[in-house]
Amino acid sequence: MRTKQMPKFSARLKELRKEKGVKQMEMAELLGCTSNHYQQIEYGHINIPALTLEFLADYFEVSTDYLLGRTEVRETAGQSDQAPLAGSAPLTGRQAE
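Here is what the cut-offs are and how they apply
- Residues numbered from 1 in each chain as written.
- Predicted model: local features only at pLDDT ≥ 70, side-chain atom pairs only at ≥ 80, totals over all residues.
- Heavy atoms only, no water.
- Axes fitted to C-alpha atoms, helices over the stretch in contact; angles between N-to-C directions.
- Helix = DSSP H or I, 4+ residues; strand = E, 2+ residues; numbered from the N terminus.
- Parallel < 35°, antiparallel > 145°, perpendicular 65-115°, else oblique.
- Contact = heavy atoms within 4.5 Å.
- Nonpolar A, V, L, I, M, F, W, Y, C, P; charged D, E, K, R; others polar.
- Phe/Tyr/Trp six-rings, centres within 6.5 Å; stacked < 30°, edge-to-face > 60°.
- Buried < 20%, exposed > 50% of the residue type's maximum accessible area, 1.4 Å probe, protein only.
- Lys NZ or Arg CZ within 6 Å of the ring centre and 35° of its normal.
- Expected span 1.5 Å × (residues − 1).
- Arc of directions from axis to C-beta.
- Salt bridge = Lys/Arg side-chain N within 4 Å of Asp/Glu carboxyl O.

Draft legend 1. Local environment of the packing of helix α2 (residues 24-31) against helix α3 (residues 35-42). Close contact between α2 and α3 brings their axes to 8 Å; oriented N to C, the two are set at 100 degrees. As the angle between them shows, α2 and α3 are arranged roughly perpendicular. In this structure, α2 uses Q24, M25, M27, A28 and L31 to contact α3, whose residues at the interface are S35, Y38, Q39 and E42. For the contact of α2 with α3, the class distribution of residues is 5 nonpolar, 3 polar and 1 charged.

Given below as structure tokens:
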């Protein structure tokens, strides 16, 4: 089965990273992967596991649907009522690949 590229996800990920002022190398460290691997994710050449998608949505305080380009609404349901998540632990090992 051929891997489906997700250009909307790639564009959103890059946009959110730049808005937050984070470098690709810092994102790689956060996800526990190499800089090259993260670049491949951001370029849309590597699809990520659901746990990584959820982690990124929490990190950027957006919904997974927003990250995937399925909605233009950034907030998750009930997000305005809740405090943002306190520093999630970085993903390591196979979870980030």
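What follows picks up the thread again.
Draft legend 2. View of the packing of aromatic side chains. Within the structure shown, the criterion is met by 1 aromatic pair. Centre to centre, the rings of Y59 and F60 are 4.9 Å apart; their planes meet at 75 degrees, and the pair counts as edge-to-face. A relative accessible area of 24% places Y59 in the partly exposed class. Taking the relative accessible area as the measure of exposure, F60 reaches 9% and is therefore buried. Lying over the aromatic face of Y66, R12 brings its terminal NZ or CZ to 4.0 Å of the ring centre. Cation over ring: K20 sits above Y59, and NZ or CZ is 4.4 Å from the ring centre.

Draft legend 3. Main features of helix α1 (residues 7-20). In this model, α1 (14 residues) spans 20 Å end to end at C-alpha, consistent with the 20 Å of a helix rising 1.5 Å per residue. Within the sequence span of α1, burial applies to F9, S10, R12, L13, L16 and R17. The buried residues of α1 occupy an angular sector of 165 degrees when projected down its axis, which confines them to one face. Opposite the packed face of α1, turned more than 90 degrees from it, sit the exposed residues P7, K8 and K18.

Draft legend 4. Focus on the pattern of salt bridges. If you walk through the whole model with that rule in mind, you get 5 salt bridges. Ionic pairing is found between D65 and R70, a salt bridge with its closest N-O pair at 3.3 Å. Classification of D65 as partly exposed rests on a relative accessible area of 35%. Through salt bridges with shared partners, a single network forms among E15, E19 and R74.

All quantities given are derived from atomic positions and should not be read as evidence of function.
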